[in-house]
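Listed below, chain by chain, are the residues.
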Amino acid sequence: MPGADCDLAADYARPLPCMVMLQLLGIADMPASTLLAWSDASLELFYGWPSPERQAHLVDLVCDFYRWLTSQVTDAAPSHSLIGALRSHRMPSGEPVDPATVVAVCFFAFIAGQSTTGQLISTVLRHALADADVWERSASDESFASAWVEEVLRREPPVTTWRRVTAREVELSEVRLPAGSQLLLMLMGTGSDPEIFDQPDRMDPYRANIRHHLSFGAGRHRCLGASLARTEAAVALRVAARLLPDATLTKGADPQMLGLLSFRAPTRVLVRHN
Ligand code: HEM
């Protein structure tokens, strides 16, 4: 509505990746708001600091999510979807993948695919809206919008830390770690390392080494949705900047940051548009 405030995080950044994941999984009959509530509950339960009472409440929501996903996996899903592909897959022994494994894959793929991407889009929009030139240019210049997304991923990624367990004894930065050590990798810090990035606190979409961060992890478990997330965020930025050329961040509005062990992003992006 012209002249009104709206929240681009709740109304745009968060539902968009949820809809993409529904298409990918082959599911059509659940409102995005319910799926987002289940996904938020899962993130808070696994990565937050909920009180015992809150944990009990979150577990109920996560169980609802799990039960619903199980029914989707056991019902017929379109063959061109992730659920359909997992159901028709045969192991080298000729056996199908057991349903509990299919549910587990879809559970984590769904959360990994939509929460993080929604968080990235919210951060991208907030930074782009704070600079009128960036907003204007994002509407018309496809490669600029993609590079801007990459700078946000470098500087302020949604996944700030990730856990690893050492498989064997290893020495890291002159510290000897026994096998089985629990590590918390500070992924976010890699994009602001002054030995890698010149003036790391400056947003510069023209950096030659723009992708040399670890915001999608590294090695055999590196994020398999990185290209999809980058594409969604760049398209979301371009479309919003094109459709809302006069949008400005609502003055004085507190962005309210989500702050979990591994996830950080504004939970709202309030804008005024004419
Ligand atoms: C901005 C969005 C995203 C960010 C920042 C992100 C980040 C990450 C990170 C840091 C990891 C751990 C990598 C490691 O252990 O080295 C990961 C793993 C994973 N991501 Fe993403 N991700 C995003 C979007 C997506 C999307 C869209 C999907 C699916 C469509 C996805 C699916 C996965 C999966 C399945 C894994 C586990 C891979 C494995 O353990 O082998 N992610 N992601």
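I tried to follow the layout of surface pockets on my own but got confused; where do I start?
Sizing a probe to match a water molecule and rolling it over the atoms shows the empty space that remains. Within this model, the largest pocket holds a volume of roughly 1,200 Å³. In this structure, the largest pocket is lined by 39 residues; those nearest its centre are Ala112, Trp162, His221, Cys223 and Leu224. At the level of elements, helix H2 (15-25), helix H3 (32-47), helix H6 (99-129), strand S2 (162-165) and helix H10 (226-243) are the ones that each hand at least two residues to the lining of the largest pocket. Looking at the lining of the largest pocket, the element that brings in the most residues is H6, giving nine residues. Taken together, the residues that form the lining of the largest pocket break down as 25 nonpolar, nine polar and five charged. Looking at the second largest pocket, its volume works out to about 280 Å³. Arg14, Asp40, Gln119, Leu258 and Thr267 are the residues nearest the centre of the second largest pocket, which is lined by 20 residues in total.

Quick question: what am I supposed to make of the coordination of the iron atom of the ligand here?
Six octahedral donors around a metal ideally make angles of 90 or 180 degrees; four tetrahedral donors ideally make 109.5 degrees. Protein coordination of the iron atom of the ligand rests on one atom only, Cys223 (SG), at 2.3 Å. By the element assignment, Cys223 lies in the loop between helix H9 (187-190) and H10.

Explain the side chain of Asp204 here, please?
Within the secondary structure, Asp204 is located in the loop between H9 and H10. A relative accessible area of 15% places Asp204 in the buried class. At a separation of 2.9 Å, a polar atom in the side chain of Asp204 contacts the main-chain amide nitrogen of Tyr206. Beyond its immediate sequence surroundings of up to four residues, Asp204 is in contact with Glu151 and Ile210.

Got a minute to help me understand the packing of aromatic side chains in this structure?
Aromatic ring pairs are reported here in terms of the distance separating the ring centres and the angle at which the planes meet. The tally for this structure, following the rule as stated, stands at 13 aromatic pairs. The interplanar angle of 25° and the centroid separation of 6.1 Å between the aromatic rings of Tyr47 and Trp162 together place this pair among those described as stacked. One end of the pair, Tyr47, is in helix H3; the other, Trp162, is in strand S2, and 115 residues separate them in sequence. By relative accessible area, Tyr47 is classed as buried at 15%. Following the ring pairs from residue to residue traces out a cluster consisting of Trp38, Phe46, Phe65, Tyr66, Trp68, Phe107, Phe108 and Phe110. Here Arg154 stacks its cationic end above the ring of Phe197, 5.1 Å away from the centre of that ring.

How should the pattern of salt bridges be read in this particular structure?
Side-chain pairing between opposite charges can occur once the charged atoms of the two side chains come close. Going through the model one piece at a time under the given rule, you end up with 13 salt bridges. In this structure, the salt-bridge partner of Arg211 is Glu150, at a minimum N-O distance of 3.9 Å. Of the two residues, Arg211 sits in the loop between H9 and H10 while Glu150 sits in helix H8 (residues 142-155), which places them 61 residues apart along the sequence. Put simply, Glu169 and Arg176 hold a salt bridge, and the shortest N to O gap is 2.8 Å. Judged by relative accessible area, which is 47%, Glu169 ranks as partly exposed. One connected set of salt bridges, linked through shared partners, spans Glu150, Arg211 and Arg230.

Hey, could you run me through the site of the ligand in this one?
The ligand sits among 22 residues. The nearest are Trp162, Arg164, Ala218, His221 and Cys223. Within the backbone of Ala218, an N or O atom sits 3.1 Å from an oxygen atom of the ligand. Here the ligand occupies the largest pocket. Taken together, the elements giving at least two residues each to the shell around the ligand come down to H6, S2 and H10. Examining the composition of the shell around the ligand, we find that five residues originate from one element, H6, more than from any other. In terms of residue class, the shell around the ligand is built from 13 nonpolar, seven polar and two charged.

For this particular structure, what's the right way to read the nonpolar core?
Counting 32 residues, the largest nonpolar core has Leu25, Leu35, Phe65, Trp68, Leu69 and Phe110 as its most contacted members. Secondary structure elements with two or more residues in this core: H2, H3, helix H4 (52-74), helix H5 (82-88) and H6. Excluding residues within four positions of it along the chain, Trp68 makes contact with Ile27, Asp29, Met30, Leu35 and Trp38. Core analysis: the next-biggest nonpolar cluster, separate from the first, contains 31 residues, Leu125, Val134, Ala233 and Ala234 among them.

Each value, and the rule that gives it
Counting restarts for each chain, with residues numbered from 1 along the sequence as it is written. This being a predicted model, a pLDDT of at least 70 is required before a residue's local features are given, and a value of 80 or more before pairs of side-chain atoms are given or counted; all residues contribute to the totals for chains, interfaces and linings. The side-chain quantities take in all heavy atoms of the structure and omit both hydrogens and water. Only protein atoms enter the 1 Å grid used here. Points where a 1.4 Å probe fits but cannot escape make up a cavity, open sets with protein on both sides within 12 Å along at least five of seven lines make up a pocket, and a residue lines them when an atom lies within 4 Å of a point. Grid points are joined across faces, edges and corners, and a volume is the space filled by probe spheres set on the points. In this description a helix means any DSSP run of H or I spanning at least four residues, a strand means any run of E spanning at least two, and both kinds are numbered starting from the N terminus. The residue classification treats Ala, Val, Leu, Ile, Met, Phe, Trp, Tyr, Cys and Pro as nonpolar and Asp, Glu, Lys and Arg as charged. All others, Gly included, are polar. Note that water is not among the atoms considered, so a metal site may appear incomplete; the donors listed are N, O and S atoms within 2.8 Å of the metal, with 3.2 Å applied to Na, K and Ca. Burial here depends on accessible area, computed with a 1.4 Å probe over protein chains only, as a share of the maximum for the residue type. Under 20% is buried, over 50% is exposed, and the range in between is partly exposed. A 3.5 Å cut-off defines polar contacts: any pair of N or O atoms within that distance qualifies, except that in protein one atom must be a possible hydrogen donor and the other a possible acceptor, and neighbouring residues in sequence count only when both atoms are side-chain atoms. Residue contacts are defined here by distance: any two heavy atoms, one from each residue, within 4.5 Å place the two residues in contact. The criterion for an aromatic pair is that two Phe, Tyr or Trp rings (for Trp, the six-membered ring) have centres within 6.5 Å, with stacked assigned to planes under 30 degrees apart, edge-to-face to planes over 60 apart and tilted to the rest. Working rule: Lys NZ or Arg CZ, within 6 Å of ring centre, within 35 degrees of ring normal, means a charge sits over the ring. The working definition used for a salt bridge is a side-chain nitrogen of Lys or Arg within 4 Å of a carboxyl oxygen of Asp or Glu. The nearness test applies per residue and asks whether one of its heavy atoms lies within 4 Å of the molecule or strand. Any molecule with more than half of its atoms within 2 Å of a cavity's or pocket's grid points is counted as sitting in it. As used here, the term nonpolar core means buried Ala, Val, Leu, Ile, Met, Phe, Trp, Tyr and Cys residues forming a set that is joined through side-chain atoms within 4.5 Å.

Functional significance is not addressed by these values, which are geometric in nature.
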